[in-house]
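Fold and geometry: a report
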Amino acid sequence: MKLGIADTMFARVDMHKYVLKAIEDSGHAVNIKRYTVPGIKDLPLACSKLLKECDIAIALGMPGPEKIDKQCAHEASLGLIWAQLQTEKHIMEVFVHLDEGDEKTVSKVAKERSYKHALNAIDLIKAPENLKRSAGQGIRQGFENEGPIE
Amino acid sequence: MKLGIADTMFARVDMHKYVLKAIEDSGHAVNIKRYTVPGIKDLPLACSKLLKECDIAIALGMPGPEKIDKQCAHEASLGLIWAQLQTEKHIMEVFVHLDEGDEKTVSKVAKERSYKHALNAIDLIKAPENLKRSAGQGIRQGFENEGPIE
Amino acid sequence: MKLGIADTMFARVDMHKYVLKAIEDSGHAVNIKRYTVPGIKDLPLACSKLLKECDIAIALGMPGPEKIDKQCAHEASLGLIWAQLQTEKHIMEVFVHLDEGDEKTVSKVAKERSYKHALNAIDLIKAPENLKRSAGQGIRQGFENEGPIE
Amino acid sequence: MKLGIADTMFARVDMHKYVLKAIEDSGHAVNIKRYTVPGIKDLPLACSKLLKECDIAIALGMPGPEKIDKQCAHEASLGLIWAQLQTEKHIMEVFVHLDEGDEKTVSKVAKERSYKHALNAIDLIKAPENLKRSAGQGIRQGFENEGPIE
Amino acid sequence: MKLGIADTMFARVDMHKYVLKAIEDSGHAVNIKRYTVPGIKDLPLACSKLLKECDIAIALGMPGPEKIDKQCAHEASLGLIWAQLQTEKHIMEVFVHLDEGDEKTVSKVAKERSYKHALNAIDLIKAPENLKRSAGQGIRQGFENEGPIE
């Protein structure tokens, strides 16, 4: 399995290291290719290029708190969906918004969201039945799971 | 007929079982393939992949109540439309928003919307004339039908 | 000439019959193919499929009054534009919003907009010079023409 | 050089005549093909079809003042960008919003914006170095140039 | 290495010269092709055409302060992402909003953002490891870097 990691210079946390940690903890043999770009709107092409040789990609981004940043995140998200449909491979979008909390919270969310989505990426390729078992269970990445209703 | 079901870990209700119930109640022979992903923005690719071998897909999602969740749902919906145009097959979008009511209501809406859209999916493939008979009748899924005007 | 009509179960007026009336009144020989889907977001694919064999399609939809309905209409409209660029054929979007007036008004608008856009569809295929004569004249469908400025 | 003009019945000013005036004033030999459609959302396909045989197209539209009209304009604009990327040819979007001023102002803006963008279209094909000379100069169409900063 | 520069007549600062300065300062041998268009919505096609022969493109734009200008910028940004996925090459979007500050500030931001993104473009082609070293460091273009958290 080969995993692509696309990340940005704009982000204020080096999320990429939590992806590496998750891979290590998973015990799976995973080859890595990393691609760093300036900002989140550069991620769709970066992922598209990674997916030429990778089985799946993770897009790590950290949108700012302003209205224009939210718009950039929206544009990047649409681009990531187009890139997936074009390449026919998954891209796990891991965006942590700089207004999700104070610096300490953002740092913690970035760590946990990156870690958990890296495990999701591995499962999507190696063990999709693991995801099935969690369907409809209110699973979150970065904050507590909400759990199922009923 | 082969039906693809794409669902998420994020959702707080296991809507997939109501799709299975609808299929059973329909009396039609329907083969099923299921694909679980982390969240709604992963559904377009999941459906696109299901449609490689399925005749139609159902995308089951449960967007959260926050503004960012609404944006994710919007992006996912656009992705589902692109995926349909790319594959030239229908995807029934079954999204239940976590702010459509209290937990009990959300649970009920999830059940009924999933069930009814599963029947719609079967009709689209097996009996499109059934849909024609309901055209312009103010049919709803999850809440009461509004009925025709005039 | 072959005209595709895509309509929905969600709509509260059977707009399709006004399209048929317009065709009859036009005196043109027009073959019809109709395709009914649950809601407006299913219209892009329905039209795309109709356009495999039709020269032009009409998409009849009736978005609800809520914010989420407006978003669905927006997504459907974008899908209809993509479907046109993909098929290289026109789709006349005939959307009547449930908040354009009271039930009586909505019913009247639905009737007139469907009727007039059906005539437009026929003109686009059979007599494009008719449209040219109306260019810049403030023509409306469903409400009074606004007329030219100056 | 062949120029496509796509315009609408919805517009309240016949902008097409100002395009013709600009061509005449330019002294260039320009062949014209015109395509009239009901409204702005029909412009992307109209331009796409014009560009089968034209070198460049001009899309003349006049969105209404309501929120829904703004949304239509947004959808049309996205469609015009897709059409350009699909055909690999330019489309000059000339949209005049009915709330840019009173009727007299709208009429004047429509005239000047159509005229100037027609000249831009000719320059893009015949004399791109003319555009280069105006880069970063705060050039406007329809209102006064803002001029360069600094 | 061949770099495409797409810029606009609408912009009020000639940002293109700061791109040239950055190239000169970089010491790299970079061939340049420039393409000027009227406004930002013309940039996606301009870049797409430049990328027929260039390795990477820079899109220089300066959206106005009004709501409609923000919408144009959004449409242009989406177009730039599509153009990248279509050409499989990067486009560095360098947009400076006319409401990012007073004229002096806008001028300074335009200069620095153009300069820094030109260096990013060169790094993406010539030295991608330079970008990797800055990943997660809160790098900004036009304003002070925010730096890493933690």
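What counts and what doesn't
Residues numbered from 1 in each chain as written. Chains lettered and ligands numbered in written order. Predicted model: local features only at pLDDT ≥ 70, side-chain atom pairs only at ≥ 80, totals over all residues. Least-squares fit on C-alpha atoms with pLDDT ≥ 70 in both. Contact = placed C-beta atoms within 7 Å. Helix = DSSP H or I, 4+ residues; strand = E, 2+ residues; numbered from the N terminus. Nonpolar A, V, L, I, M, F, W, Y, C, P; charged D, E, K, R; others polar. Buried ≥ 20, exposed ≤ 12 C-beta atoms within 10 Å, placed from the backbone. pLDDT = per-residue confidence, 0-100. Pairing = 2+ DSSP bridges. Axes fitted to C-alpha atoms, helices over the stretch in contact; angles between N-to-C directions. Parallel < 35°, antiparallel > 145°, perpendicular 65-115°, else oblique. Left-handed = near helix turned anticlockwise from the far one by under 90°. Right-handed = clockwise from strand over helix to strand, strands pointing away.

To continue, consider the relation of the copies chain D and chain C. Taken as rigid bodies, chain D and chain C are interconverted by a rotation of 72° and an axial shift of 0.0 Å, the fit giving an RMSD of 0.0 Å. Both chain copies can therefore be described as sitting about a five-fold axis. A low fraction, 3%, of the interface residues of chain D reappear at the interface in chain C, so the copies pair through non-equivalent surfaces.

Taken together, the 30 residues of chain B in the interface contact 24 residues of chain A. Counting only elements with at least two residues in the side of chain B that touches chain A, the list comes to β1 (2-8), β2 (31-37), α2 (43-50), α3 (67-87) and α4 (103-126) of chain B. Take the side of chain B that touches chain A: its biggest share by element is seven residues, from α3 of chain B. Taken together, the residues of the side of chain B that touches chain A sort by class into 13 nonpolar, eight polar and nine charged.

Between the two copies, chain B and chain A, the superposition gives an RMSD of 0.0 Å; the rotation angle is 72° and the shift along the axis is 0.0 Å. Looking at chain B, a mere 3% of its interface residues are interface residues in chain A too, so the copies touch through different faces.

This part is about the environment of Asn 31 of chain D. Residues and elements named next belong to chain D. Structurally, Asn 31 is set in strand β2 (residues 31-37). Here Asn 31 falls in the exposed class, since 12 other C-beta atoms lie within 10 Å of it. Separated by 45 residues in sequence, Asn 31 and Ala 76 have C-alpha atoms that sit 25 Å apart. Among all residues touching Asn 31, those that are not within four sequence positions of it are Met 1 and Lys 2.

Turning our eyes to something else, we now look at the confidence of the model for chain A. Across chain A, the average pLDDT comes to 97, with 100% of residues at 70 or higher. This complex was scored by the predictor with a pTM of 0.98 and an ipTM of 0.97.

Residues and elements named next belong to chain E. With parallel pairing, the four strands of this open sheet are ordered in space as β2-β1-β3-β4. On the outer flanks of this sheet lie β2 (31-37) and β4 (91-95), each paired with one strand and no other. Adjacent strand axes in the sheet meet at a mean angle of 15° when their direction is disregarded. Sheet topology places strand β3 (residues 56-61) next to β4; five bridges connect them, and they run parallel. Among the inter-strand pairings, Gly 61 is bridged to a residue of β4, identified as Phe 95. Against the sheet, helix α1 (residues 16-26) contacts β1 (2-8), β2 and β3, and its axis sits at roughly 160° relative to β1. On top of the sheet, helix α2 (residues 43-50) reaches β1, β2, β3 and β4; it is set at about 160° to β1, its chief contact.

Moving on, we get to the sheet that holds strand β3 (residues 56-61) of chain C. All names here are of chain C. Across the sheet, which stays open at both edges, the four strands sit in the order β2-β1-β3-β4 with parallel pairing between neighbours. Looking at strand neighbours, the two that pair on one side only are β2 (31-37) and β4 (91-95), the edges of this open sheet. Averaged over all pairs of adjacent strands, the angle between their axes in this sheet comes to 15°, without regard to strand direction. Both strand β1 (residues 2-8) and β3 contribute to a ladder of four bridges, which runs parallel. Considered in β3, the bridge of Gly 4 is made with Ala 57.

Okay, the packing of helix α3 (residues 67-87) of chain A against helix α3 (residues 67-87) of chain E next. Packed helix pairs are characterised by how far apart their axes lie and by the angle those axes make with each other. Two elements in contact, α3 of chain A and α3 of chain E, have axes separated by 10 Å at closest approach and are oriented at 30°. Taken together, the axes of α3 of chain A and α3 of chain E are roughly parallel relative to one another. Considering only the axes of α3 of chain A and α3 of chain E, their crossing is right-handed. Judged by residue contacts, Gln 71, Glu 75, Leu 78, Gly 79, Trp 82, Ala 83 and Gln 86 of chain A of α3 of chain A engage His 74, Ser 77, Leu 78, Ile 81 and Leu 85 of chain E from α3 of chain E.

Turning next to the interface of chain D and chain C. Listed per partner, the contact involves 30 residues of chain D and 23 residues of chain C. Within the residue set of the side of chain D that touches chain C, elements represented by two or more residues are β1 (2-8), β2, α2 (43-50), α3 (67-87) and α4 (103-126) of chain D. Ranked by residues supplied to the side of chain D that touches chain C, first place goes to α3 of chain D with seven residues. For the side of chain D that touches chain C, a count of residues per class yields 13 nonpolar, eight polar and nine charged.

For the rest of this paragraph, the subject is the environment of Gly 27 of chain D. Residue and element names in this part refer to chain D. Relative to the elements of secondary structure, Gly 27 occurs in the loop between α1 (16-26) and β2. Of the residues examined, Gly 27 has 8 C-beta atoms within 10 Å and is grouped as exposed. As a C-alpha pair, Gly 27 and Asp 123 span 96 residues in sequence and 12 Å in three-dimensional space.

Interaxial distance between α3 of chain A and α2 of chain B falls to 9 Å at its minimum, and their mutual angle equals 15°. Between α3 of chain A and α2 of chain B, the angle is such that the two are roughly parallel. Relative to α2 of chain B, α3 of chain A is oriented so that their crossing is right-handed. Mapping the contact onto sequence places Ile 81, Gln 84 and Leu 85 of chain A in α3 of chain A and Pro 44, Leu 45 and Ser 48 of chain B in α2 of chain B.

With that out of the way, let us pick up the pairing of β4 of chain C. All names here are of chain C. Most of β4 sits out of view: five of its five residues are buried. In β4, alternate side chains face the same way, and those of Ile 91, Glu 93 and Phe 95 on one face and Met 92 and Val 94 on the other are all buried. At this point the chain moves from β3, through helix α3 (residues 67-87), to the parallel β4, and the crossover so formed is right-handed.

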